[in-house]
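# Structure at a glance
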Amino acid sequence: MEKRNLKGWLYLLPAIVFLGFFMVYPLIDVFIYSFEEGYNSASQTFFGVGTYNYSYVLRDPYFLQALKNTFILVIITVPLSTGLALLISAGLSSIKKVRNLFQTVYFLPYVTNTLAVGLVFMILFKQTDYTEGLVNLIINFFGGSSVDFIGGPYWAKMFVLCLYTIWVVMPFKILVLTSALASVNQDYYNAARIDGTSRMRIFTKITLPMISPTLFYLIITGFIGAFKAYSDAVALFGTELNAAEMNTIVGYIYDMLYGEGGGYPSYASAAAIILFAIVLTITVINLLISRKHVHY
Amino acid sequence: MSNQKDFETIERNAKRRKTIRNIIVYAFLVIWAVLVLFPFYWMVLTSIKSYSAYNSEYIPQFFTLAPTFQNYIDAFTAVPLADYFLNTIIFTAATTAIMLIVTVLAAFAFSRLQFKGRDLVFTLFLALMMIPSELVVITNYVTITNWEMRNSFMGLILPSVTSVFYIYLLKENFAQIPDELYYAAKVDGTSDFKYLTKVMIPICKPTIVTITILKVIECWNSYVWPRLITDNENYYLVSNGIQYIRENGFGRENIPAMMAAVVVISVPLIVLFLIFRNKIMEGVSRGGTKG
C-alpha cells in the first residue's frame, strides 16, 4: 500500500510542481503583495502593512478610466453578442444547404491572432493623411462626415473597440448555441406544430427554455471574458492605452507591473484583486438570477 | 370546388411565406459571413498592393490588377519576421509537449491509480480552474524576474505549461476505459506505465489530439505573458512581433508590408483549422474559454 501511494504521487508530481509554483503560490502571494505598502521591487522591501494600495488604486484617475471603459465594454458587448449569436444560430439551424460552409466561416475569427486582425480593423477605421479610411468613405457616401475612429473622440474609439470585441467573441457563442439548438428534442417541435403553434411562440416557449442553461452559461462566461478585455484594445490602439483613454482593468494591471509606468507589483496586485472581486460578484449575481429563470 | 380553391390558396400562401422567410434567413447569414470574411479579404488584398499604389489611393480599390509580392519580401527582410516565427514554433512545440506529458501523467494518476488523498487533490485541482490568470501573472512575473529568466525560453514556457482543464478533460476520458482491460493487463504482468502508453493513450488519442490542437492555438496567439517577460527582440513571439512592427517597423506607414506580415502570421492557424475543423470545433464547444 505504501508503494502504491508513492507511485500515485509520483505520477502527479509534475502537475503539482507546476501548479504549485505558478498557480497556488502566486495566488497566496498576490494577496500579500496587495497589502504590502511601499513595496520596492529593486530591494524587495516594504514599509508596512495596510490597505493603502487599494485606496491608491481606487483614487487613481487611470484606474477609474479603465474601470469605466471596462464596464461600458461589458454592458454593450455581452448582450449584443449573445443576442446576435442567438439570431445567427437560429438562422443556421433552420437551413440545410451550405450550413457547414457558414459554420466554418463563422468560426474563423476564433483561430486568428487577435493582435494581427486588430491591425486590419485599425486600418479600416483609421483616418490618415493619405486616405479617410474605408469606413469613413462609406459614411461619406451616405452623407455623413468623417470621424477618426482610432485617434478621435471617445465614443468613436469605444465603438470600434466594442465592434472588434463582438467580432472576436462571436465564433465561440455561435458554436455553443448551434450545438445547443441541435440537441433540443424534435418531439417538442412536432407536437407544437400539430397544435398549430406560431413560430414566435415555439421559439419563446420551447426553444428558449430548452437552451436557457446554455444561454446563461454563455452570458456568465461572456461577462467574465469581457471584464478581462485587454489584447483587443492593444490591437486597435497600441500599447499606450492610458494616453488613448482606452485602457481596461487588465491593461491597468499590466501597466502597473511593467512598461512606462511600471514597477509597482503592489498596485497591480490590488487592482487584480479588485477585478477578481468584481467578476466574482457579477458571476454570483448571474447565478442567482439564472436559478430563477433557467429550466434544467 | 371552392374548398379545393381555398386549400390551394392557403398552400400557395404558406409556400410564399416560407420562401420569403428563407430569403431573409439566408440574407442575414450571408451578411454576417461577409462581415467575418471582409477583414481577411482586406488584409490579403492590401498585402499584394504595392506601397506606392496603396498610398496613392485616396479611395481604396476593392481589387488590384497589379499584384506584387514585394511586401512579403519586405516583411521577411526589413523585420526579423522569420525569427519571430521560429521563436513561436519553439515556444509552442515545447509548451505543448511539456503540457502533454504533465497532463497525461496527472490524468492517469487521477483515473487509474488508487492512493490516499487522491480525491482531495482532484477537488483542489478543480478549484484552481476558477482562478483567472490575471491574478497569478503578477507573482509569476516577479518569480521569473528573480530567477533571471526574463528573455529566455524557460521564462516563456514554464508558467504557460499548466492547464488544469485539460487534465480534467483527459481524466474524464481515461475513466471511461473499462477496468477489465486494466486487470487483464495486470494478470499478464504489464506495468502501470506500459499500460498507460500501450493501452490508454492509443484509446484516448482523439481527446489527446484535441487538447494538443487547442494548446497550439492558445500558444500561437498568446500575447500578454510574452509581452511581460520579453523586451529583447530576439525572443519576441509573433504577437509581440506584430505589435513591435506596428509601432516601430517599416517606418509606420508601410501598411501593405504590415499586412503581409499579418497574413503570414495568420495562415498557419487557418490551415490548421481547415485540416482539423471538426476536432477543433468539437474541442472548443466542450471546453473553449475565449469569449
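Just so it is clear, the structure is predicted and the values come from calculations on it, not from any experiment.

The rules behind these values
- Every residue gets a number counted from 1 within its own chain, in the order that chain's sequence is written.
- For this description, chains carry letters from A and ligands carry numbers from 1, given in the order in which they are written.
- Predicted model: local features are reported for residues with pLDDT of at least 70 only, side-chain atom pairs are reported and counted for 80 or more only, and whole-chain, interface and lining totals are derived from all residues.
- Helix and strand assignments come from DSSP, with helices taken as H or I runs of at least 4 residues and strands as E runs of at least 2, each series counted from the N terminus.
- Restricting the calculation to C-alpha atoms gives the radius of gyration, and the globule rule supplies 2.2 Å times the number of residues raised to the power 0.38.
- Once C-beta atoms are placed from the backbone, each residue is buried if 20 or more other C-beta atoms lie within 10 Å of its own, exposed if 12 or fewer, and partly exposed for counts between those two.
- Contact between two residues is assigned when their C-beta atoms, built from the backbone, lie within 7 Å.
- A set of buried residues drawn from Ala, Val, Leu, Ile, Met, Phe, Trp, Tyr and Cys, joined through C-beta atoms within 7 Å, is what defines a nonpolar core.
- For the domains described, the bounds stem from an automatic or database domain assignment.
- Every axis corresponds to a line fitted to the C-alpha atoms, with the helix fit spanning only the stretch in contact, and the corresponding angles, defined between N-to-C directions, vary from 0 to 180 degrees.
- Note on angle classes: values under 35 degrees are labelled roughly parallel, values over 145 roughly antiparallel, values of 65 to 115 roughly perpendicular, and the remainder oblique.
- When the near helix sits turned anticlockwise from the far one by under a right angle, the crossing is termed left-handed; a clockwise turn instead gives a right-handed crossing.
- Think of it as three bins: nonpolar holds Ala, Val, Leu, Ile, Met, Phe, Trp, Tyr, Cys and Pro, charged holds Asp, Glu, Lys and Arg, and polar takes everything else, Gly as well.
- Confidence scores per residue from the predictor, reported as pLDDT, run from 0 to 100.

## Remarks on the overall build of chain B
Secondary structure assignment for chain B yields 15 helices and 0 strands. By the compact-globule yardstick of 19 Å for 291 residues, chain B is too spread out, its C-alpha radius of gyration being 26 Å. Here the C-alpha coordinates of chain B stretch approximately 80 × 75 × 35 Å along the principal axes. Within chain B, the fraction of its 291 residues that count as buried is 37%.

## A look at the overall build of chain A
Across its full length, chain A carries 12 helices and 2 strands. Element order for chain A, N to C, with α for helix and β for strand: α-β-β-α-α-α-α-α-α-α-α-α-α-α. By principal-axis analysis of the C-alpha atoms, chain A measures approximately 75 × 75 × 35 Å. The contacts of chain A with a sequence gap of at least 6 include a subset with a gap of at least 24, amounting to 67%.

## Observations regarding the nonpolar core
Counting residues in each nonpolar core, the largest one holds 158 residues, and the members touching the most others are Leu119, Leu236, Ile253 and Ala271 of chain A together with Ala261 and Val262 of chain B. The element contributing the most residues to this core is helix H7 (residues 154-182) of chain A, with 15 residues. When residues are assigned to domains, this core turns out to be shared by domain 1 (2-70) and domain 2 (80-287) of chain B, each giving three or more. Apart from residues no more than four positions distant in its own chain, Leu236 of chain A is found in contact with Gly118, Phe121, Met122, Ile150, Val160, Leu161 and Tyr164 of chain A.

## Overview of the packing of helix H1 (residues 2-35) of chain A against helix H4 (residues 81-111) of chain B
At a minimum axis distance of 8 Å, the contact between H1 of chain A and H4 of chain B shows a crossing angle of 135 degrees. In terms of orientation, H1 of chain A lies oblique with respect to H4 of chain B. Note that H1 of chain A runs across H4 of chain B; the crossing there is left-handed. Contacts between H1 of chain A and H4 of chain B involve Gly8, Tyr11, Leu12, Pro14, Ala15 and Phe18 of chain A on the former and, on the latter, Ile101, Val102, Leu105, Ala106, Phe108 and Ala109 of chain B. Of the residues assigned to the contact of H1 of chain A with H4 of chain B, the class counts are 11 nonpolar, 1 polar and no charged.

## Considering the environment of Tyr106 of chain A
Summarising the element assignment, Tyr106 of chain A is placed in helix H4 (residues 99-107). What Tyr106 of chain A contacts, discounting residues up to four positions off in sequence, is Met170, Pro171 and Ile174 of chain A together with Trp32 and Val36 of chain B.

## Some thoughts on the domain arrangement of chain B
Residue and element names in this part refer to chain B. You can read the domains of chain B as domain 1 (2-70) and domain 2 (80-287). Centre-to-centre, using C-alpha coordinates, domain 1 lies 37 Å away from domain 2. Across the contact, 7 residues belong to domain 1 and 7 residues belong to domain 2. For the side of domain 1 that touches domain 2, the elements supplying multiple residues, two or more each, are helix H1 (2-47) and helix H2 (51-56). The leading source of residues in the side of domain 1 that touches domain 2 is H1, at 4 residues. Its residues placed into classes, the side of domain 1 that touches domain 2 shows 4 nonpolar, 2 polar and 1 charged.

## Examining unusual backbone geometry
Not every positive phi belongs to a glycine, and Glu245 of chain A is a case in point at roughly 60 degrees. Its place among the elements puts Glu245 of chain A in the loop between helix H10 (231-237) and helix H11 (249-257). A residue is classified by how many C-beta atoms lie within 10 Å of it, and Glu245 of chain A, with 16 of them, is partly exposed. Unlike most non-glycine residues, Asn151 of chain B shows phi in positive territory, near 55 degrees.

## Overview of the interface of chain B and chain A
Each side of the interface is counted separately: chain B has 70 residues, and chain A has 75 residues. Considering each element in turn, the side of chain B that touches chain A owes the most residues, 11 residues, to H1 of chain B.

## Things to note about the packing of helix H3 (residues 61-93) of chain A against H7 of chain A
Residues and elements named next belong to chain A. With their axes 7 Å apart at the nearest point, H3 and H7 run at an angle of 40 degrees to one another. Taken together, H3 and H7 sit at an angle that is classed as oblique. Crossing angle aside, the handedness with which H3 passes H7 is right-handed. Of the residues contributing to the contact of H3 with H7, the split by class is 20 nonpolar, 7 polar and 1 charged.

## Quick look at the confidence of the model for chain B
All names here are of chain B. Of the residues in chain B, 96% have a pLDDT of 70 or more, and the chain-wide mean is 87. The weakest mean pLDDT in chain B belongs to H2 at 80; the strongest belongs to H4 at 94. For this predicted complex, the interface score ipTM comes out at 0.88, alongside a pTM of 0.90.

## Structural notes on the environment of Met158 of chain A
Topologically, Met158 of chain A is positioned in helix H7. Distance in space between the C-alpha atoms of Met158 of chain A and Glu245 of chain A is 9.6 Å, their sequence separation being 87 residues.

## A closer look at the environment of Ala94 of chain B
Residues and elements named next belong to chain B. Position of Ala94 among the secondary structure elements: in helix H4. Along the sequence, Ala94 and Val161 sit 67 residues apart, while their C-alpha atoms lie 9.0 Å from each other. Residues within four places of Ala94 in sequence aside, it is in contact with Phe153 and Ile157.

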